[in-house]
Amino acid sequence: MAERLLAGHKMLGIHCPECKVPLFQDPKTGTVSCPICGTEFEVVEEEAKKVKRKAKERRKRAESEEKKTKWAEKKPESGKKERKPEKEKQKRRPRLPGSEDVRKAALQVVTARLKRAAETKDPEHALRELEVAEKALEILKKL
């Protein structure tokens, strides 16, 4: 096969029915033959075109299958195709609370700490609770 390619023969997309190797066409004479068994063939143009067309269709199918593995296709309820990349989307950051939410949370902390300070019998524990409540009140003043 290498000798024929070096001699300028054209490798065809048609295979020998006996050897299952590609057939070659001599550029000078136009004859088509098998490089293994030496059998010469008469090629009808229509058959050659069909073989080429089928090979092209197979390549297109293989390429489209390759693309499908790269992109996951999903049909949303609207019926339109939606493409999603292979990589996972980065996780979104949670929404930061607004100033009103922070105020409510700080008031809840102050209330809870004051209750704990009042209920405890340990003076050190009560002091820690009051310090936390005081810090929460400072945050409220800054808002």
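Residues numbered from 1 in each chain as written. Predicted model: local features only at pLDDT ≥ 70, side-chain atom pairs only at ≥ 80, totals over all residues. Heavy atoms only, no water.

Attention now goes to the nonpolar core. Grouped burial of nonpolar side chains is what soluble globular proteins tend to show. In terms of nonpolar packing, the biggest core is built from six residues, these being Leu12, Cys16, Val21, Leu23, Val32 and Cys34. Apart from residues no more than four positions distant in its own chain, Cys16 is found in contact with Val21, Leu23, Cys34, Cys37 and Phe41. (Core = buried A, V, L, I, M, F, W, Y, C linked by side-chain atoms within 4.5 Å. Buried < 20%, exposed > 50% of the residue type's maximum accessible area, 1.4 Å probe, protein only. Contact = heavy atoms within 4.5 Å.)

The next subject is the environment of Gly13. Examined against the element boundaries, Gly13 turns out to sit in strand S1 (residues 10-15). Sequence separation of Gly13 and Phe24 is 11 residues, and the distance between their C-alpha atoms is 9.0 Å. (Helix = DSSP H or I, 4+ residues; strand = E, 2+ residues; numbered from the N terminus.)

Glancing now at the sheet that holds strand S4 (residues 40-41). Strand order in this open sheet of four strands is S1-S2-S3-S4, and the pairing throughout is antiparallel. The sheet is open, and its two borders are formed by S1 and S4, each paired with just one other strand. Here two bridges tie strand S3 (residues 32-33) to S4, and the two strands are oriented antiparallel to one another. Its bridge partner lying in S4, Ser33 is registered against Glu40. (Pairing = 2+ DSSP bridges.)

With that settled, consider a positive patch on the surface. A grouping of Lys10, Lys49, Lys52, Arg53, Lys54, Lys56, Arg58, Arg59, Lys60 and Arg61 is seen on the molecular surface, where their side chains present a positively charged patch. It is helix H2 (residues 45-70) that provides the largest number of residues to the positive patch, a total of nine residues. Within the fold, Lys56 resides in helix H2. (Patch = residues over 30% accessible without salt bridge, like charges linked within 9 Å, V, L, I, M, F, W, Y side chains within 5 Å. Areas by Shrake-Rupley, 256 points an atom, 1.4 Å probe, with all protein chains shown as cover. Salt bridge = Lys/Arg side-chain N within 4 Å of Asp/Glu carboxyl O. Lys, Arg positive; Asp, Glu negative; His and termini not counted. Charge placed at Lys NZ, Arg CZ, Asp CG, Glu CD.)

Considering the arrangement of structural elements, one finds Asp26 in the loop between strand S2 (22-25) and S3. Of the side chains with opposite charge, Lys28 lies nearest to the buried Asp26, which makes no salt bridge, at 6.0 Å. Side-chain polar atoms of Asp26 contact the side chain of Thr29, separated by 3.4 Å. Aside from chain neighbours lying at most four places away, what touches Asp26 is His9 and Thr31. (Polar contact = N/O pair within 3.5 Å; in protein donor to acceptor, adjacent residues only side chain to side chain.)

Alignment of S1 against S2, held across three bridges, turns out to be antiparallel. Within S2, the position partnered with Lys10 by the bridge is Gln25. Where S1 folds back onto S2 in an antiparallel hairpin, the turn is made up of six residues, including Lys20, whose phi is positive at roughly 65°.

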